[in-house]
Structures are given as structure tokens and as C-alpha cells.
Amino acid sequence: MNIFNILKEVEKVDPEIFDRIDPRREVFKHFGGFGKKLAAAAIPIAFGSMLNKAYGQTTANPSVREVLEFALLLENLEYHFYLRAAATDIFPSAAGKTAFGVIRDHEKAHVDFLRAAISGMGGAAPTTYTDASFDWTANGLLGNATFTSYPTMLAVAQAFEDTGVRAYKGAAPALMSNDTVLQAALQIHSVEARHAAHLRRMRRDMTNGVAGLKPWITMKDRGGLPAEFQGIYDGEENTTQATVNITGTFGGITIDANAASEAFDEPLTVAQVNAIVMPFIA
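What you are looking at is a predicted structure, and each value in this text was computed from that prediction instead of being measured.

**Quick word on unusual backbone geometry**
Item 1. For Ala 138, which is not glycine, the phi torsion reads 55° and is therefore positive.
Item 2. Tracing the chain through its elements places Ala 138 in the loop between helix H6 (94-119) and helix H7 (150-171).
Item 3. Residue classification places Ala 138 among the buried residues on the basis of a relative accessible area of 0%.
Item 4. Positive phi, normally seen in glycine, also occurs at Asn 208, with a value near 55°.
Item 5. Among the structural elements, Asn 208 can be located in the loop between helix H8 (179-205) and strand S1 (240-241).

**Structural notes on H6**
Item 1. With 26 residues, H6 extends 38 Å between its outermost C-alpha atoms, agreeing within 8% with the 38 Å of an ideal straight helix rising 1.5 Å per residue.
Item 2. Taken together, the buried positions of H6 are occupied by Gly 96, Ala 99, Phe 100, Gly 101, Ile 103, Glu 107, His 110, Val 111, Leu 114, Ala 117 and Ile 118.
Item 3. Those residues of H6 that are buried lie in contact with helix H5 (64-86), H7 and H8.

**Re the nonpolar core**
Item 1. Ranked by internal contacts, the top residues of the largest apolar core, which has 63 residues, are Phe 81, Phe 100, Trp 136, Met 153, Leu 199 and Phe 280.
Item 2. Elements supplying a minimum of two residues to this core: H5, H6, H7, H8 and helix H10 (270-277).
Item 3. Counting residues per element, this core draws most heavily on H5, which supplies 14 residues.
Item 4. Among residues more than four places away in sequence, those in contact with Phe 100 are Phe 81, Tyr 82, Ala 85, Ala 86, Phe 91, Met 153, Leu 154, Ala 157, Leu 199 and Met 202.

Conventions and cut-offs
Residues numbered from 1 in each chain as written. Predicted model: local features only at pLDDT ≥ 70, side-chain atom pairs only at ≥ 80, totals over all residues. Heavy atoms only, no water. Helix = DSSP H or I, 4+ residues; strand = E, 2+ residues; numbered from the N terminus. Buried < 20%, exposed > 50% of the residue type's maximum accessible area, 1.4 Å probe, protein only. Expected span 1.5 Å × (residues − 1). Contact = heavy atoms within 4.5 Å. Core = buried A, V, L, I, M, F, W, Y, C linked by side-chain atoms within 4.5 Å.

Scope: geometric values only; no functional claims are made or implied.
See the structure below:
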């Protein structure tokens, strides 16, 4: 039995399991230093309408296309970031530049797949994004450091990848009506997680790097990122999965809160993802 059938069987036994695993948390009203800037940000009407439908946060039955359109935005954000980043000359080693080039190509493949999948569903053509679609200053928060400061560029890369991992997880329940698309989304999700782990290692190993930075997330620790990025990690301190408390002593092995939080990654709702990425949307 493949993973998709297993998920369906679990849902038959417990129809509310995904609601418990992915609780609808309150929309972030503040996002660190982004707070005031977000309040002043103008969201295009078409984009806002799509956000309201994506992942089923305000619609009982979101279409697969609506979910994929939002994923297309996120993948374009990553692709155009890596396209710019890989072309810079601020890498301290050839290995770092090569890694960014490889990740760029992965993200381009994700964009191409999503565009093809959306086109195959008929209707209007998928949304087209360019570099001009994005604000690499994060609404002024980062200034011009995104592509001129190596530590900042790595930090932004980690932020995007950690967001992407949780965003795909949040989208999975809305894609269960289409096994083919769900499988592809899960395949992308795992690659995003590998990107995140590799970037964390790069941040740890760079000159004056982030000492002790792990490839996984402990509690809601943001791994040395500025406080403005806390929203990416809030909720990761969860130690209960499907009503089961993961902490405690089992077979003589004690699982503390840190280990319990590290063993499970949490999904993000579209509202949370929106709060995180909107400063980067031009």
C-alpha cells in the first residue's frame, strides 16, 4: 500500500486527524520588524483573492489549481532568488556557488512542473512571474544586503527553504483528491527539506558561522536568523502529534521536548506563509 492509500485509510478511520495535525492557528498580526511594513503593504486584488482560497483556509473545497497557483508563487520566489544569488561573486568558495546553482536548477524544475500541471487543468494560463515580481529588500528591511552580503544571502535562503518545507506540508490535505499531484508535491517537499539542511550546514561552516547550527529545527529556534523571521519557526515547538504526547520515557529511553519537536516538522497555513513572504512580493 503506497503512502497516498495509507493517508486515505487513516482519514476514513479518523476524519478529523488532519485538522488536529494542522490546527488553524490565528493569523499572525505581527511579524517582528515586518509588522508595521506589512500593515502598509498593498496586496494586488487578484493575488489576495487567490490567497483567500488557497489551502482551504477560507473555502471548504479549494481546487487543486488554487493550491498549485500559490505553490507556483513560492517556487518562483525561490527560483528568482537563486538565479540572482548564483550569479553573484560573493561566494567564499566555488563549492558554495555550485550549490546555489544546483538549487537554482531544482527550483526551476519545480516551476516548470507546476506551470505544466496548472496548464493541464485547463482554464486561464498559469501566472507568470519575473524578477520584477519580487522585492529583494523585503520591503526595506534588508536594504541591498540580500545579494551583497554572503551571510545575509545564506540567511534568506534558509528562510525561504524552511518556509517551503512547511508550506508544502500544509498543502498536502488539499491535494489528496489528486494522487498524481500529491505525489509530485511530496517529492518537491522532500527536496526542499534537503535544500534547507544543506544551507544550514553552509551557514554553520562559513567564516564566523552559526556555531552548533543543526540541519533540523529544535523547538521554535530560528537558527541564528533575525527576529523578523520568527514566524517561520513558530509552532515547531509542538510535542503532541495526533493527540499523542511524544515526550516521556519509552522502553528506558527518555524523549524530552527538544527531541520531540525535532522528530516532527509542523505545517504552515496559507495565512502564515503569506505573513512570511509578503515583504518579498513587489
